[in-house]
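Fold and geometry: a report
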Amino acid sequence: TTESVASDGGVLIADGVDFSRFKGNPMVQWDHGMRSEIPVVGRAVDWRYDTTARAWDFDVEFASDESDLAARVYRLAKAGFMPAVSVGFQVTERDDNPPEEERRKYDLPRWGWIGRKWQLHELSMTVVGADPAALKRAEKLGDIVSGDAGMLRHDDTATMRMHARDAVAELVGT
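Let me sum up the structure you'll find in this document. Only a predicted model underlies this, so the values are computations on that prediction, with no experimental measurement involved.

1. What to know about the pattern of salt bridges
Inspection of every chain in the model, using the stated rule, returns eight salt bridges. Asp95 is the salt-bridge partner of Arg116, the closest N and O atoms lying 2.9 Å from each other. Residue Arg116 is located in strand S7 (residues 113-126), and its partner Asp95 is located in strand S6 (residues 84-95); the two are separated by 21 residues in the primary sequence. Where salt bridges share partners, they join Asp46, Arg48 and Asp59 into one cluster.

2. What about helix H2 (residues 68-78)?
All of the buried residues along H2 are Leu69, Ala70, Ala71, Val73, Tyr74 and Ala77. Where H2 starts, the residue carrying a side-chain oxygen 3.2 Å from the main-chain nitrogen of Leu69 turns out to be Ser67. Of the residues one or two after H2, Gly80 is the one with positive phi, at around 90 degrees.

3. A word on the pairing of S7
Here S7 lies mainly inside the structure; twelve of its 14 residues are buried. Pairing of strand S1 (residues 10-12) with S7, which is carried by three bridges, proceeds in the parallel orientation. Across the sheet, the residue bridging to Gly10 is Trp113, located in S7. Sheet topology note: the strand S2 (residues 17-18)/S7 ladder contains two bridges and is parallel. Within S7, the position partnered with Val17 by the bridge is Trp118. With eleven bridges joining them, S6 and S7 adopt antiparallel strand pairing. Each residue of the ladder has a partner; that of Ala84, found in S7, is Thr126.

4. Description of the nonpolar core
With 30 residues, the main nonpolar core has Val41, Phe58, Leu120, Leu123 and Met125 as its most contacted residues. Of all elements in the fold, only strand S3 (27-30), strand S4 (40-50), strand S5 (55-62), H2, S6 and S7 reach the threshold of two or more residues within this core. If near-sequence neighbours (up to four positions away) are discounted, Val41 is found in contact with Val28, Gln29, Trp30, Glu61, Phe62, Ala63, Leu69, Ala70, Val73 and Met125.

5. So, the environment of Arg21
Positionally, Arg21 belongs in helix H1 (residues 20-24). Between the C-alpha atoms of Arg21 and His121, which are 100 residues apart in sequence, the distance is 6.2 Å. Residue contacts for Arg21: discarding those within four places in its chain leaves Gln119, Leu120 and His121.

About the criteria used
Residues numbered from 1 in each chain as written. Predicted model: local features only at pLDDT ≥ 70, side-chain atom pairs only at ≥ 80, totals over all residues. Heavy atoms only, no water. Salt bridge = Lys/Arg side-chain N within 4 Å of Asp/Glu carboxyl O. Helix = DSSP H or I, 4+ residues; strand = E, 2+ residues; numbered from the N terminus. Buried < 20%, exposed > 50% of the residue type's maximum accessible area, 1.4 Å probe, protein only. Polar contact = N/O pair within 3.5 Å; in protein donor to acceptor, adjacent residues only side chain to side chain. Pairing = 2+ DSSP bridges. Core = buried A, V, L, I, M, F, W, Y, C linked by side-chain atoms within 4.5 Å. Contact = heavy atoms within 4.5 Å.

Spelled out as structure tokens, the structure:
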């Protein structure tokens, strides 16, 4: 996830994330679990904070051998037809009236808000993410460059790397 304005007008401050809930169950779902009885498609096996980009990067392992849905989502992601990863979260410290200097910094709309603290609940593979900067970041980094047996590789690493993207409109306040 990046510190860019999402489609709902909000910005999540990247270093304001609380991983306590996510660490205990780092699941990756299909479309936030809304379109499948068993939406789990994988799990996050590692995550890092890029201090320069002020963004979080996640390594994800797909459950391709255990789930037809996971195998299908993996193939779609690998082929570039499912380019977005969304974060499911709860804002715990929200500023609906940020100072003008921050409004300019993030290019916030009049109704825009800043999530200064937030708790990550899950990651979801999705077709459309709400953070366009995250998609551009993923394209720049060349996320999905090769793959085999349910793993996507970035550069020469043994794990696949996907970059979380926001789709916050339906999740704020959940």
